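Residue-level listing of the chains:
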Amino acid sequence: MKLSGAQILMKTLREEGVDTIFGYPGGAVIDIYDELVKTDIRHVLVRHEQGAVHAADGYARAAGKVGVCLVTSGPGATNTVTGIASAYMDSIPLVVITGQVPRGLIGNDAFQEVDIVGITRPCTKHNYLVESTDSLARVIKEAFYIARSGRPGPVLIDIPKDVANTTVDYKEPGDVKMRSYNPTINPNKRQLQKVVKLVEKARRPVIFAGGGIILSKSSEELTRFARQAQIPVTTSLMGLGAFPGSDPFWLGMIGMHGTYRANMCTSECDLLIAIGVRFDDRVTGKTDAFAAQAEIVHIDIDPTSIRKNIPVTVPVVGDCHAALTTLNGMLDEADLTDIAGKREQWFARIGEWKNLSRLAYVQGETIKPQYVVEKLYELTGGDAIITTEVGQNQMWAAQFYHFNRPNHFITSGGLGVMGFGLPAAIGAQIAQPDRLVVDIAGDGSIQMNIQEMATAVQCRLPVKVVILNNGYLGMVRQWQELFYDKRYACTCMDHAPDFVKLAEAFGAVGLRATTVDEVETVLKKGLSNYKDRPVIMDFVVDKEESVYPMVPAGAPITEMLLV
Amino acid sequence: MAEEKHVLSILVDNKPGVLSRIAGLFSGRGYNIDSLCVAETMEEGVSRITLVTQANLPLVEQIKKQLNKLINVIKVFDMTETEYVQRELAMIKVTAKPENRAEILRIVDIFRCKVVDVGAEHYTIEVTGDEGKLAAIRSLLRPMGIKEIARTGMIALFRDVK
Ligand SMILES: Cc1ncc(C[n+]2csc(CCOP(=O)(O)OP(=O)(O)O)c2C)c(N)n1
Ligand SMILES: [Mg+2]
């Protein structure tokens, strides 16, 4: 069978189950686009390539599939870098296809040539420059396999224009076999038996779960494990939704803006079971003081995550799902008599911490941003898929919207990309057309990828954008307030557009609330109407509200500044 | 914790860009490279990179794991963990004044090296050995005036067949 590179690409993408591509055309990918429109694959035309990658990221998380992007060479490719780096930090499976100048021109500083494989080497799980049309199908299959297996991540494929438009005799590439890539899935049983022994013995255990639970679809196994072993649970930002936010064992999020009790528990526990986490500095604070009294178990599929930042008593390399399933089986046989009795004091202590300091705010004359998020939670019954921008808005979303299920909180956790939320919401909405998708945004961040409103309008997506408009780059202002004597260097954004008019200019709906009374009205109106277009809801909130608790960077996580 | 020298022998797919993946990993994460050697192995499509680094124990563990995480890395051996033989080749261009020539040739003889080039003012000496031998000959030749040195970097193999 004679096929061109572009045709082989389409055929292989279909075989990999791709039904949606986020992209933006250009000279180096015209041949590919020419074939793409002949298939039944849906192409979402974004307005900036960064938007394509974040949208694919949101899509991947909401759909539980690999997200796919297609962009042109040079500037198209460089525009994807932030999105790729974010997906890499958050372990999101993506395949990013970039066009490249024809092979004969590579290295000649050709028009729109850039060494995107070189540029993205440190922020992709792997990347390829396709050397021949014959190898194209195999490369694509490998890329998908690498992106979704092991610790997932983005893979980039750079396809020279002449590889795409050359016709060859197509041969089936067969199954992917890679001698140099074999992630460990099944954990060592003996290590897990050690974990069970520690669980039996522990008086003050805590589970610290992360994004690995969500990626490996192990929320149910985690919940069962926690209940069976009678262990309270905290999660990282990336782990929100991995454990039900309404469960009595739930401690809230850990870390810099974690709850008082989650941070206290971690510091005073005698056993910390870390699952699917990588001990980010925003979680640990000062590492020497982190869980200093505890034996630490660390279960993760990526061996480099283990003992990178924190010393560990029992390392377990493997898939979280496999580990938890085995652990649950072992617990069925274990000696858990009077386990509840053993933990009684510990849970009493946690209750005291909870009463001592809860997440709170005082609603006065001006709208408090936390109030908006809390109302949003109430009105949506906690059922919406929430994406966020970055800054205070992100932290208030994490603290005041409670997540009971996985894949409902989509945020740029590791890289912290302002401008992530709107395109991610677009991707999530495309993956879940019947669900309510809300981007909780800041006035600064939303301007970073606001052009994607046009994409949402064109695709008739009912994405809701809730702007917590404080007129500041609020999170940076908060640091300046606390640690730089209130010198607000360049964080006041007093020249923002009128977001209502801006929404309307895009063909979307714009609503605004300036008083406390209006919050509920605007939310109700915005959430329950407009099924065929996006809505921006602009909430003019208290300008100088801060996120608490807060652990200053590098301090032990027990040193929390409270409200 | 004390830093130690580790000789890592890394089998990799012989694909374009592999070396820059490894070099990039080291520079991006702030690990150091004392020396690095690359060449093909007996097996087609597989190359061996011998890399010498200084690191304390937890760090060298992390380095090995990070190397293994690279898709094109097949296997990483830490030679320092067991018995191994190491060799490096150096070419040393040393000033050879008439009054020093005999002394230089004596050193060459004792160290079992070779003079591979002779000029009006210099000898170029080829020496193969482990680090200690190379350091020793350098220090003996230094008083005569070393003009240039080119070194291959270390290569190593386990003593036992692995
Ligand atoms: C692309 C990018 N640039 C800069 C930053 C640094 N930064 C972190 S939070 C923040 C302020 C965000 O302001 P806004 O979106 O208004 O959110 P707020 O904190 O006010 O809720 C900035 C500038 C970032 N995270 N991402
Ligand atoms: Mg703001």
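I will try to describe carefully the structure that is included in this document. Throughout this document, residue positions are counted from 1 along each chain, in the order its sequence is written. Here chains are named by letter from A upward and ligands by number from 1 upward, in the order in which they appear as written. Residues qualify for local features only when their pLDDT is at least 70, as the model is predicted, and side-chain atom pairs are given and counted only at 80 or more; totals for whole chains, interfaces and linings, by contrast, use all residues. Working from all heavy atoms in the structure, the side-chain values ignore hydrogens and water.

**Comments concerning a nonpolar patch on the surface**
All names here are of chain A.
Inference 1: In this scheme, patches are assembled from residues that exceed 30% relative accessible area and form no salt bridge. Like charges are connected within 9 Å, while nonpolar side chains (Val, Leu, Ile, Met, Phe, Trp, Tyr) are connected within 5 Å. For accessible areas, the Shrake-Rupley method is used with a probe of radius 1.4 Å. Any residue's cover is judged against the shown protein chains and nothing else. We define a salt bridge as a side-chain nitrogen of Lys or Arg found within 4 Å of a carboxyl oxygen belonging to Asp or Glu. Together, Phe483, Tyr484 and Leu561 line one region of the surface with nonpolar side chains, adding up to about 260 Å² of accessible area.
Inference 2: Strands here mean DSSP runs of E at least two residues long; helices mean DSSP runs of H or I at least four residues long; both are numbered from the N terminus. Position of phenylalanine 483 among the secondary structure elements: in helix H20 (residues 474-483).
Inference 3: Note on classification: 1.4 Å probe, protein chains only; a residue is buried when its accessible area is under 20% of the maximum for its type, exposed when over 50%, partly exposed between these limits. Using a relative accessible area of 35% as the deciding quantity, one classes phenylalanine 483 as partly exposed.

**Notes on helix H21 (residues 499-506) of chain A**
Residues and elements named next belong to chain A.
Inference 1: Residues of H21 that are buried include every one of Phe499, Val500 and Ala503, and no others. Seen along its axis, H21 keeps its buried residues to an arc of 105°; they face one direction. Of the exposed residues in H21, the ones pointing more than 90 degrees away from its buried face are Lys501 and Ala505.
Inference 2: Whether two residues are in contact is decided by their heavy atoms: any pair within 4.5 Å suffices. For H21, the elements touching its buried residues are strand S18 (464-469), strand S19 (509-513) and strand S20 (535-540).
Inference 3: Two or three places before valine 500, at the opening of H21, aspartate 498 has a side-chain oxygen 3.0 Å from that residue's backbone nitrogen. This arc is taken over the directions from the axis of the helix to the C-beta atoms. Two N or O atoms count as a polar contact when they lie within 3.5 Å, although within protein this holds only if one can serve as hydrogen donor and the other as acceptor, and sequence-adjacent residues are included solely when both atoms are side-chain atoms.

**Quick look at the layout of surface pockets**
Inference 1: Using a 1 Å grid laid over the protein atoms alone, points where a 1.4 Å probe fits but cannot get out form a cavity; open sets with protein on both sides within 12 Å along at least 5 of 7 lines form a pocket; any residue with an atom within 4 Å of a point counts as lining. Grid points are joined across faces, edges and corners, and a volume is the space filled by probe spheres set on the points. Each pocket or cavity is described by its volume, and for the second largest pocket that value is around 1300 Å³.
Inference 2: Around the second largest pocket, the lining is made up of 43 residues, and of these Asp302 and Thr304 of chain A together with Lys65, Gln66 and Lys69 of chain B lie nearest the centre.
Inference 3: Counting residues per element, the ones that place at least two in the lining of the second largest pocket are helix H5 (81-89) of chain A together with helix H1 (18-28), helix H2 (57-69) and strand S4 (73-78) of chain B.
Inference 4: Split by residue class, the lining of the second largest pocket holds 15 nonpolar, 17 polar and 11 charged. Following the grouping adopted for this structure description, the nonpolar residues are Ala, Val, Leu, Ile, Met, Phe, Trp, Tyr, Cys and Pro, the charged ones are Asp, Glu, Lys and Arg, and the polar ones are all others, Gly among them.

**Brief notes about the sheet that holds S20 of chain A**
All names here are of chain A.
Inference 1: What makes two strands pair is DSSP finding at least two bridges between them. Taken in spatial order, the 6 strands line up as S16-S15-S17-S18-S20-S19 in an open sheet, and their pairing is parallel. Strand pairing shows two members of the sheet lacking a second neighbour, strand S16 (409-410) and S19, which therefore form its edges.
Inference 2: As paired strands, strand S15 (residues 385-388) and strand S17 (residues 437-442) are joined by 4 bridges and run parallel to one another. For threonine 387, the partnering residue across the bridge sits in S17 and is aspartate 439.
Inference 3: Only the contacting stretch of a helix is used when fitting its axis, a line to C-alpha atoms as for every element, and angles between N-to-C directions run 0 to 180 degrees. Along the sheet, H21 contacts S18, S19 and S20; its crossing angle with S19, the most-contacted strand, is approximately 170°.

**Notes on helix H17 (residues 392-400) of chain A**
Inference 1: The buried fraction of H17 of chain A amounts to 9 of the 9 residues, a majority that puts the element mostly inside the structure.
Inference 2: Residues of H17 of chain A that are buried include every one of Gln392, Asn393, Gln394, Met395, Trp396, Ala397, Ala398, Gln399 and Phe400 of chain A, and no others.

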